[in-house]
Every structure is written in C-alpha cells, then in structure tokens.
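In case you want the letters, here they are:
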Amino acid sequence: METSSVQTIIDHGAEVIRAEAAALTLLARELGRDFSAAVDLLVGAPGRIILAGMGKSGHIARKIAATLSATGSAAYYLHPGEASHGDLGMMRSGDVLLVLSNSGETPEVVAVLTHAQRLAVPVIAMTAGASSMLARKASITLVLPACGEACPEGVAPTTSTTMMLALGDALAVAAMRKRGTSRNELAHWHPGGRIGWGLQTLDALVRRTEPLPLVRATACARDVVLEMTSCGKGVAGVVDAAGDLIGVITDGDLRRAFDRMLLAVAGELMTRDPVTITRDATVDEAIARMQENKITVLFVMEKAGSRRPWGLLHIHDLRLGA
C-alpha cells in the first residue's frame, strides 16, 4: 500500500475521533438542571432502573445498565421488541425507565412507554429529538446536542452513540457519588478479574505461615543475612526492644556496605523510618506506594499508627493470580 493511502486512512480515523471528541465537549458544556433531576430520580427510585433502546441505542443501553449496576444503581436492559411479547412483566411500580433513541421516534418503544405510564413509572429520555414522541412522553429529557454523525454519509450511528455512552457514564458516576458508594461496596460487586484483585485488602493476601525476618539493631551482619535468607524476599526488618519496626535492611544495603560487613551491626546498615502499609489497605494502594517510593518490599502493620510488624509483602505477591 502506498504511503499516501496509509496516511489517508489514518487521517480518516483521526477525523472521526476529533468529531466525536468535539461532540462530547459540547455535550459536557450543555449539561443542565435536567441532568441533576435525572440523577436525583435514579438515586431516589425504590425499585430498579430499566434501560430500553433499539439497534445501536440498545447496545449502548445494555452497557449503561451494566455500569449503573456496577456503581450501585441496580439496573437491567429491557429489549423493546421482546417487551411486547411478555417481558413488560419485568417492570414494576417504583422502577425508573431510561429510554435511549436518537430520533425519539422509535416505534418499538411505544409499548414500553405505555406500560410505564400505566404503572406511573417515571421516564427519563435520552434523545436528540427535543420535540419528539419520546420527549413528549418523558418526565425528564436529556437532549443530545445537534452534531452530525461521524459516518461520512451521516447515517451510521457514531457520534450520537458516543454521546449516549458518555452521558450514561456521567449519570452512573454522578449517582454513585450522590449515594456515597464506598470502595468496599465496589469490591463486593467486582470480585473477579483485575478490578476485584486490586480492591481486595492485604489482610486476605499476606501469607503468615512463617516468622517475619526481624533482627535487633545490635545483630551482626551474619545474623541479618540469615534472617533475610529465611524469608526469601530480600529484606530484614530491624525492631527495638518493644518489637516496633525502626528500620529495614535490603540486599542493596548489604552490597553497599560490603567493605564494613565484618564489623557493622544492623543498626548501622538499616534505612530508618521505612515506608509501611496497614493490613486494611488494598492491593492497588500497596502497588501505588511501592511505585511512588521505588521499593519492592513493604512491611504490613496491624493498624494505622502502629509500628508493630504484622506481615510482609513483595511486589511479586501483588501480581494477579500470584
């Protein structure tokens, strides 16, 4: 393929991304009180949040339902076509209905809207059709700004679905913040994969089957090496008479003090006031602390303010599936 053809393809791709980015900037600028009212409605719903949409809007609605559920707003997707064949029974009084339709004139959603009206279920519309059928039947309308599709023929849903997706994320996160959803709750909802791994606490991760590699400040270098070797993590902690951690000695410390090894004691080799972490911290917090301080090992404390070593972590322990 000629270089000019390659560059043309790249330019076409960049053009699409710039068009969609411009649409998102305009969408953010035009958010108003209707958005705030929609968040209040989602958070205050005694039932669940129902998402509905056809075609590409339906695909986006499914994703928004998943994001809402993952951030504390129980939600599910109702296919408008299946709804007319019995699935309307999923809807209950106390639910909130969020309908996505770029035109706002999608005929398949009429039955869903009618049933919502019958149950007094409030409707949030997400549409570019400010005067459309959907907007007229909705309790709250979130109007997408007038932006042409990135498709060169202006037909395939591109810019419109990108705005819907971003607006759905905005609703979910704003509702999460209003609810005060905690990190612990997020961990319960994301037990699997990288998210679940990063949100679990060190309490469940630290292996405590072997004694910690600890020495007193007066220990000779030989004893330090023996303790360090016993744990296999390349570190030994130095504790005072009360058992509080006052320093650490790493493999690197020993190499740097090689010419003093025969005479030096632990208190002379150690790095004082080492970086530590508490057992209730998460894996992600431990990784961030190691990266920030350019270290590979952390002593874990029982609780904040304590200097009594409870466990020991190496960066390899924090790898997913380690």
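Higher on the page you've got the structure.
The rules behind each value
Residues numbered from 1 in each chain as written. Predicted model: local features only at pLDDT ≥ 70, side-chain atom pairs only at ≥ 80, totals over all residues. Heavy atoms only, no water. Axes fitted to C-alpha atoms, helices over the stretch in contact; angles between N-to-C directions. Helix = DSSP H or I, 4+ residues; strand = E, 2+ residues; numbered from the N terminus. Parallel < 35°, antiparallel > 145°, perpendicular 65-115°, else oblique. Left-handed = near helix turned anticlockwise from the far one by under 90°. Contact = heavy atoms within 4.5 Å. Salt bridge = Lys/Arg side-chain N within 4 Å of Asp/Glu carboxyl O. Buried < 20%, exposed > 50% of the residue type's maximum accessible area, 1.4 Å probe, protein only. Pairing = 2+ DSSP bridges. Polar contact = N/O pair within 3.5 Å; in protein donor to acceptor, adjacent residues only side chain to side chain. Right-handed = clockwise from strand over helix to strand, strands pointing away. Core = buried A, V, L, I, M, F, W, Y, C linked by side-chain atoms within 4.5 Å. Nonpolar A, V, L, I, M, F, W, Y, C, P; charged D, E, K, R; others polar.

Asks: Can you help me understand the packing of helix H2 (residues 33-44) against helix H7 (residues 159-179) in this one?
Replies: Packed helix pairs are specified by the crossing angle of their axes together with the interaxial distance, meaning the distance between the axes. Closest axis-to-axis distance for the H2/H7 pair is 9 Å, and the angle between their directions is 60°. By the criterion of interaxial angle, the relationship of H2 to H7 is oblique. In the packing of H2 onto H7, the handedness of the crossing is right-handed. Contacts between H2 and H7 involve Phe-35, Ala-38, Val-39, Asp-40, Leu-42 and Val-43 on the former and, on the latter, Leu-167, Ala-170, Leu-171, Ala-174, Ala-175, Lys-178 and Arg-179.

Asks: How should I be thinking about the environment of Leu-24 in this particular structure?
Replies: Tracing the sequence through the fold places Leu-24 in helix H1 (residues 3-29). Separated by 244 residues in sequence, Leu-24 and Glu-268 have C-alpha atoms that sit 59 Å apart. Not counting the four nearest positions on each side in its chain, Leu-24 is found in contact with Thr-162, Met-163 and Ala-166.

Asks: Whenever I open this one, the pattern of salt bridges confuses me. Can you help?
Replies: Pairs can form between side chains of opposite charge once their charged atoms are near each other. The full count for this structure, using the stated rule, is eight salt bridges. Residue Arg-308 pairs with Asp-244 through a salt bridge whose shortest N-O separation is 3.6 Å. With a gap of 64 residues between them, Arg-308 in the loop between strand S11 (297-301) and strand S12 (309-314) and Asp-244 in the loop between strand S7 (235-239) and strand S8 (245-250) connect regions that are remote in the sequence. The partly exposed category is assigned to Arg-308, whose relative accessible area is 45%. The partner of Glu-302 in a salt bridge is Arg-279, with the nearest N and O atoms 2.5 Å apart. One end of the pair, Glu-302, is in the loop between S11 and S12; the other, Arg-279, is in the loop between strand S10 (276-278) and helix H13 (283-293), with 23 residues separating them in the sequence. Residues joined by salt bridges that share partners form a network here, namely Asp-203, Arg-279 and Glu-302.

Asks: Help me understand the sheet that holds strand S6 (residues 214-216) in this model?
Replies: Sheet strands line up and pair through hydrogen bonds in the backbone, either parallel or antiparallel. With mixed pairing, four strands are arranged side by side in an open sheet as S6-S7-S8-S9. Strands at the two margins of the open sheet, each flanked by one partner only, are S6 and strand S9 (271-272). Inspection of the sheet shows S7 paired to S8 by five bridges, in the antiparallel sense. In the strand pairing of S8, Ala-236 is matched with Ile-249.

Asks: Help me understand the environment of Tyr-76 in this model?
Replies: As for its position among the elements, Tyr-76 is in strand S2 (residues 75-77). Dropping the residues within four chain positions of it, Tyr-76 is found in contact with Arg-48, Ile-49, Ile-50, Leu-51, Ala-65, Met-90, Met-91 and Asp-95. Within the structure, Tyr-76 has its side chain in polar contact with the backbone oxygen of Met-90 (distance 2.9 Å).

Asks: What is the right way to look at the pairing of strand S4 (residues 123-127) in this model?
Replies: If a strand is regular, its side chains alternate between the two faces of the sheet. With five of five residues buried, S4 lies mostly within the body of the structure. Here S4 shows two buried faces, one formed by Val-123, Ala-125 and Thr-127 and the other by Ile-124 and Met-126. Note that strand S3 (residues 96-100) and S4 share four bridges and pair parallel. When the bridges of S4 are listed, Leu-98 appears paired with Ile-124. Between the parallel pair S3 and S4, the chain is carried across by helix H5 (residues 110-118), and the sense of this crossover is right-handed. Here S4 pairs with strand S5 (residues 140-143) via four bridges, running parallel. Residue pairing in the sheet places Thr-127 in a bridge with Val-143 of S5.

Asks: Before we go on, may I ask you to explain the nonpolar core in this structure?
Replies: Across soluble globular proteins, nonpolar side chains show a tendency to be buried alongside one another. In this structure, Leu-51, Leu-68, Leu-100, Met-126, Leu-142 and Leu-171 are the most contacted members of the largest nonpolar core, which totals 30 residues. A total of six residues in this core trace back to one element, the largest contributor, which is H7. Judged by nonpolar contacts, the second largest core, of 19 residues, contains Val-99, Val-109, Val-121 and Met-133.

Asks: Would you mind going over the packing of helix H3 (residues 55-70) against H7 with me for this structure?
Replies: At a minimum axis distance of 9 Å, the contact between H3 and H7 shows a crossing angle of 20°. Classified by the angle their axes make, H3 and H7 are roughly parallel. Every pair of crossing elements has a handedness; the one defined by H3 and H7 is right-handed. Packed against H3, whose contacting residues are Lys-56, Ser-57, Ile-60, Lys-63, Ile-64, Thr-67 and Leu-68, the element H7 presents Thr-161, Met-164, Leu-165, Gly-168, Asp-169 and Ala-172 at the interface. Grouping the amino acids of the contact of H3 with H7 by side-chain chemistry returns six nonpolar, four polar and three charged.

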